[in-house]
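Observations on chain architecture
Chain by chain, the residues:
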Protein chains: 4
Amino acid sequence: MANHPTLAPELDVSAWLNTATPLSLQALRGKVVVIHAFQMLCPGCVSHGIPQTKKIRETFREEDVAVIGLHSVFEHHDVMTPRALEVFLHEYRIAFPIAIDRPTGHGGVPRTMARYQLRGTPSLLLIDRHGYLRFHHFGHVDDLRVGAQIAQLLAEGAAIAAAPAPAAARAGCDDQACGIAATP
Amino acid sequence: MANHPTLAPELDVSAWLNTATPLSLQALRGKVVVIHAFQMLCPGCVSHGIPQTKKIRETFREEDVAVIGLHSVFEHHDVMTPRALEVFLHEYRIAFPIAIDRPTGHGGVPRTMARYQLRGTPSLLLIDRHGYLRFHHFGHVDDLRVGAQIAQLLAEGAAIAAAPAPAAARAGCDDQACGIAATP
Amino acid sequence: MANHPTLAPELDVSAWLNTATPLSLQALRGKVVVIHAFQMLCPGCVSHGIPQTKKIRETFREEDVAVIGLHSVFEHHDVMTPRALEVFLHEYRIAFPIAIDRPTGHGGVPRTMARYQLRGTPSLLLIDRHGYLRFHHFGHVDDLRVGAQIAQLLAEGAAIAAAPAPAAARAGCDDQACGIAATP
Amino acid sequence: MANHPTLAPELDVSAWLNTATPLSLQALRGKVVVIHAFQMLCPGCVSHGIPQTKKIRETFREEDVAVIGLHSVFEHHDVMTPRALEVFLHEYRIAFPIAIDRPTGHGGVPRTMARYQLRGTPSLLLIDRHGYLRFHHFGHVDDLRVGAQIAQLLAEGAAIAAAPAPAAARAGCDDQACGIAATP
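What this report covers is the structure whose coordinates are included nearby.

Definitions and limits used
- Residues numbered from 1 in each chain as written.
- Chains lettered and ligands numbered in written order.
- Predicted model: local features only at pLDDT ≥ 70, side-chain atom pairs only at ≥ 80, totals over all residues.
- Heavy atoms only, no water.
- Least-squares fit on C-alpha atoms with pLDDT ≥ 70 in both.
- Contact = heavy atoms within 4.5 Å.
- Pairing = 2+ DSSP bridges.
- Helix = DSSP H or I, 4+ residues; strand = E, 2+ residues; numbered from the N terminus.
- Axes fitted to C-alpha atoms, helices over the stretch in contact; angles between N-to-C directions.
- Buried area = accessible area lost by both parts, 1.4 Å probe.
- Salt bridge = Lys/Arg side-chain N within 4 Å of Asp/Glu carboxyl O.
- Polar contact = N/O pair within 3.5 Å; in protein donor to acceptor, adjacent residues only side chain to side chain.
- Disulfide = S-S within 2.5 Å.
- Buried < 20%, exposed > 50% of the residue type's maximum accessible area, 1.4 Å probe, protein only.
- Nonpolar A, V, L, I, M, F, W, Y, C, P; charged D, E, K, R; others polar.
- Parallel < 35°, antiparallel > 145°, perpendicular 65-115°, else oblique.
- Left-handed = near helix turned anticlockwise from the far one by under 90°.

Here's the deal with the relation of the copies chain D and chain C
Relative to chain C, chain D is turned by 180° and slid 0.0 Å along the rotation axis, the superposed coordinates differing by an RMSD of 0.0 Å. Classification of the inter-copy transformation places it as that of a two-fold axis. Here 100% of the interface residues in chain D have copies in chain C that are interface residues too; the copies meet face to matching face.

Let's talk about the relation of the copies chain B and chain A
When chain B is fitted to chain A, the best match, at an RMSD of 0.0 Å, comes from turning it 180° and sliding it 0.0 Å along the axis. Looking at chain B, 100% of its interface residues are interface residues in chain A too, so the copies touch through the same face.

Details of the sheet that holds strand E4 (residues 98–101) of chain A
Residues and elements named next belong to chain A. Strand order in the open sheet made by the six strands is E1-E4-E3-E2-E6-E7, with mixed pairing throughout. Only two strands of the sheet have a single partner each, and these edge strands are strand E1 (13–17) and strand E7 (133–138). Here the strands of the sheet are splayed against their neighbours by 20° on average, with no regard to which way each runs. Of the strand pairs in this sheet, strand E3 (residues 65–71) and E4 are connected by three bridges, and their pairing is parallel. When the sheet's bridge partners are listed, Gly69 is paired in E4 with Ile98.

Thoughts on the interface of chain D and chain C
Between chain D and chain C, the contact holds 20 residues from the first and 20 residues from the second. Summed over both partners, the interface of chain D with chain C comes to about 1600 Å²; 58% of that surface belongs to carbon and sulfur atoms. At the junction of chain D and chain C, the tally comes to two salt bridges. Our count for the contact surface shared by chain D and chain C stands at four residue pairs in polar contact (both at pLDDT 80 or more). Elements with a minimum of two residues in the side of chain D that touches chain C: helix H1 (43–59) and helix H2 (82–91) of chain D.

A closer look at the state of the cysteines
Residues and elements named next belong to chain C. A complete count under the given rule lists four disulfides over all chains for this structure. Each sulfur of the disulfide joining Cys42 and Cys45 lies 2.5 Å from the other. Residues Cys42 and Cys45 are joined by a disulfide whose S-S torsion is about 80°; by sign, that bridge is right-handed. Just as Cys42 is buried, Cys45 falls in that class too.

Considering the sheet that holds strand E7 (residues 133–138) of chain C
Residue and element names in this part refer to chain C. With mixed pairing, six strands are arranged side by side in an open sheet as E1-E4-E3-E2-E6-E7. Two strands in the sheet have a free side with no partner beyond their single neighbour: strand E1 (13–17) and E7. Pairwise comparison of adjacent strand axes, ignoring direction, gives a mean angle of 20° for this sheet. Bridging between strand E2 (residues 32–38) and strand E6 (residues 123–127) involves five bridges; their strand directions are antiparallel. In the strand pairing of E6, His36 is matched with Leu124.

Section: the environment of Arg145 of chain B
As for its placement among the helices and strands, Arg145 of chain B is situated in helix H5 (residues 143–155). We classify Arg145 of chain B as partly exposed; its relative accessible area is 34%. Each C-alpha atom, one on Arg145 of chain B and one on Glu75 of chain B, is 30 Å from the other, the two residues being 70 residues apart in sequence. Sequence-distant contacts of Arg145 of chain B, that is, excluding residues within four places in its chain, are made with Glu58 and Thr59 of chain D.

A few points about the interface of chain B and chain A
Chain B puts 20 residues into the contact, and the matching count from chain A is 20 residues. If you sort the residues of chain B by the area they bury against chain A, Leu41, Glu91 and Tyr92 of chain B come out on top, with a joint share of 34%. Counting across the chain B and chain A interface gives two salt bridges. As a salt-bridge pair, Arg83 of chain A and Asp78 of chain B come within 2.6 Å of each other at their nearest N and O atoms. Secondary structure elements with two or more residues in the side of chain B that touches chain A: helix H2 (43–59) and helix H3 (82–91) of chain B. No other element matches H3 of chain B, which puts six residues into the side of chain B that touches chain A. A breakdown of the residues in the side of chain B that touches chain A according to their chemical character gives twelve nonpolar, two polar and six charged.

So, the packing of helix H1 (residues 43–59) of chain C against helix H4 (residues 143–155) of chain C
All names here are of chain C. The contact between H1 and H4 brings their axes to 11 Å, and the two run at 40°. Of the possible angle classes, the one that applies to H1 and H4 is oblique. Crossing geometry of H1 relative to H4 is assigned as right-handed. Across from Gln52, Lys55 and Ile56 in H1, the residues of H4 making contact are Asp143, Val146 and Ile150.

Things to note about the pattern of salt bridges
All names here are of chain A. According to the stated counting rule, one finds 40 salt bridges over all chains in the structure shown. Between Lys55 and Asp143 there is a salt bridge, with the nearest N and O atoms lying 3.3 Å from each other. With Lys55 in helix H2 (residues 43–59) and Asp143 in helix H5 (residues 143–155), this residue pair connects regions lying 88 residues apart in the sequence. Residue Glu63 is joined to Arg61 by a salt bridge in which the shortest nitrogen-to-oxygen separation is 3.9 Å. Among the charged side chains, a salt-bridge network with shared partners connects Asp12, Arg102 and Arg115.

Geometric values such as these leave the question of function open.
Here it is in structure tokens:
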């Protein structure tokens, strides 16, 4: 990721859940957009990322902050299917819109995950009102810090700050995160 | 469940994971047997039941206590498949033997779950050295109490105490448990 | 508390700990000021308020945000003495400046606590760069929300928003907070 | 501690709280006795030891298991006074009997703590029905294990097993425990 924030690339999505109409970053300009990239069988996503994202949804108003879950399956595609995801969302009572990251058709990292150069799941992306990607976290990030970063973006007019360096890569899953072996 | 403990019925299992050879309660006589009935997409199982069962495995010796996970799928059979379970066990680093409760072939409550009249998942079953079902918990049960009950069974010779009454039924999933709508 | 924020009254302090020189809100103008009012024997302060305040200190820069602990003893004055507080700060490794709220000399609610009409402990006060009291929480408040509120104040120039209504009063201590019986 | 369990020495106590009459180990023969040695300003005692001891009290019957808190002040004697302890017990809603370990009169490790060669606080002592000290933990110990050990002692007739080796010493307080600098 460059020192100067770049426009967040549009999501490449094969299907949407929990929303009547597909969303687009373009159409969400004017709001701060929070994207939580997860996999339904990633332990760190289930124990930390999903609860944090639910809390973000409860804390901020829908007219100010859009919250999107991005199901970015980069391993075990055969079992983390759209139908399995539906059951997961039902059992975990997840009500915010969920984008299914478009698979390549030959396994591996899906389209949006590649565009954003995500290191694995959970990843948290914060996009400002003008569509710029401003914060990019991989793994556990503290609620206090996330709340502050969202509020910072909410408070801004047009100012654009440098994005932080991405976290060091981790391969495989631990309690906190699932990392991909090599950055695409 | 009767006031007088009954012999624990044998497990009816369609496949075993994490073990080279199938287990049977008959062959485990002499040990205390802990069975954790779960579903891989049950939130209370993932947040509480699985970690507790791992801790049981770490706390007691294998020559004294056998620990078995029982995957009793009673809903959403199409996505909680044996292959999906394999991925779940891998991601959550579950190493103790797992029995896949035999499905009926037409959905609903699987065979072992029916035999034991489980109310849902997570359920914890404690079987004494003589094969009698002695404790039966549905939903959250405290570590201190579980530790005490296992140790009580370990300490016994042939004495058999009355089993406690089962917990009240709950239908659907909440944070603690997934209940079946009607007791079979 | 009025709908329009008021200038935060100056702290009335009998002693300072963890700082070479006394602090004053007047001298801190230009920074956001976080005041955590606590009692060393208040369970909700120890389990939640103090750890949250430590995390605030770690998350924001000292040049942007001042963090002050305010020891507002309104009961059991004979045992929550300055000397006992020193030991508490040492054992709990609290390094940010601590103000000892000035006692009245005849028990009850100390001076600063009365000025701010605190309902009990823990209370969290957020003061903007211009010295206005902007947020006032009693009891448990979520990290995500606190992070957002501090960042909102950091981002502001001169804008002043309405403060939220105070929480309902609680008398006595529970796991979350110690409330005073009647609002002064 | 020797390989063969020794009779637990009698408590040397300057005062009792939460009990109408003083207790003695001699008079408690026939019950399993749980002693939680703590200091009211020890972080690990407050966050872990005290809640665990409360849970022990709730889990086992009073006719089977006696639970005693032992306030063993080995530092900061001037602020952890009997009167301060009374306030602490009130605020933390601790209802089981509390023994105040008899101070030496010239600071340092109090009498019972010395007799038992405690390494610091929290320490958990488990005494069997015959008055033998059977388990001795310093610092954090898991609920599952403690539950099992208490139940093991409850189940016993006269058998006496070897006590485990004490944990390694730690000096000063960390999140888990307060250790004394040198073993007496």
